[in-house]
Amino acid sequence: MLTKTIKTKSSQETYDFGKHLGEALSFPLVIFLRGEMGAGKTVFAKGFVKGMGIDDEVTSPTYTIVNEYGDPPRVFHFDLYRLQDGGELYEMGFEDYLNQEGTLILEWPDLLLDDSFEHKLEITLKSDFHSPDEREIILVTSDVKIEQLLSDC
Ligand SMILES: Nc1ncnc2c1ncn2[C@@H]1O[C@H](COP(=O)(O)OP(=O)(O)OP(=O)(O)O)[C@@H](O)[C@H]1O
Ligand SMILES: [Mg+2]
């Protein structure tokens, strides 16, 4: 298992870090993206998508639940905050998204009970009340391929 922690001092730095990771991890993976409201999950996702070489505008999937980026779509960006339970997610065809050979970025992923994904990366953004523009970003993975790529980052 690999754990890596970095700190950012601005929204731009979080975006840039996301972009850097998107460049390094440009193959289908599942990202569990955690953090309180306003932690910077969507900022990170914007950078990540850009880093994957996709120029689409990335907006928060708060109301849509999922946004797709790339043509054909290569990133599926979910915000599960408004869902009641995992069942609702499967009813909207989550299984199909898993089979599409794309990267899944999941904000508020904890209603997902089945987390036996291939190539899973967990990212947590933490804010510090005393420094409103700083974030600690913690990356955790047990996936060998991601571990290798991250240790070169
Ligand atoms: N270091 C930082 N990294 C990321 N965002 C920051 C940072 N400092 C300040 N911010 C601000 O925090 C906010 C993060 O908003 P964002 O929509 O990315 O949060 P979120 O985690 O996706 O929230 P939600 O759970 O509501 O979807 C933005 O307004 C951004 O400008
Ligand atoms: Mg968000």
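See the structure above.
Remember, predicted model here, so these are calculated numbers, not experimental data. (Residues numbered from 1 in each chain as written. Chains lettered and ligands numbered in written order. Predicted model: local features only at pLDDT ≥ 70, side-chain atom pairs only at ≥ 80, totals over all residues.)

(A) Broad picture of the nonpolar core. Ile31, Leu33, Ile105 and Leu106 are the most contacted members of the largest nonpolar core, which totals 33 residues. Taken together, the elements giving at least two residues each to this core come down to α1 (11-24), β2 (30-34), α2 (41-51), β4 (75-79), β5 (103-107), β6 (120-128) and β7 (131-141). The element best represented in this core is α2, accounting for five residues. Discounting chain neighbours no more than four positions away, the residues touching isoleucine 105 are Ile31, Leu33, Ala45, Phe48, Val75, His77 and Phe78. (Core = buried A, V, L, I, M, F, W, Y, C linked by C-beta atoms within 7 Å. Buried ≥ 20, exposed ≤ 12 C-beta atoms within 10 Å, placed from the backbone. Helix = DSSP H or I, 4+ residues; strand = E, 2+ residues; numbered from the N terminus. Contact = placed C-beta atoms within 7 Å.)

(B) Up close: α2. Judged by how many residues are buried, α2 sits mostly within the fold: 10 of 11 residues are covered. The complete set of buried residues in α2 reads Lys41, Thr42, Val43, Phe44, Ala45, Lys46, Gly47, Phe48, Val49 and Gly51. The positive-phi residue at the C-terminal boundary of α2 is glycine 53, with phi of around 90°.

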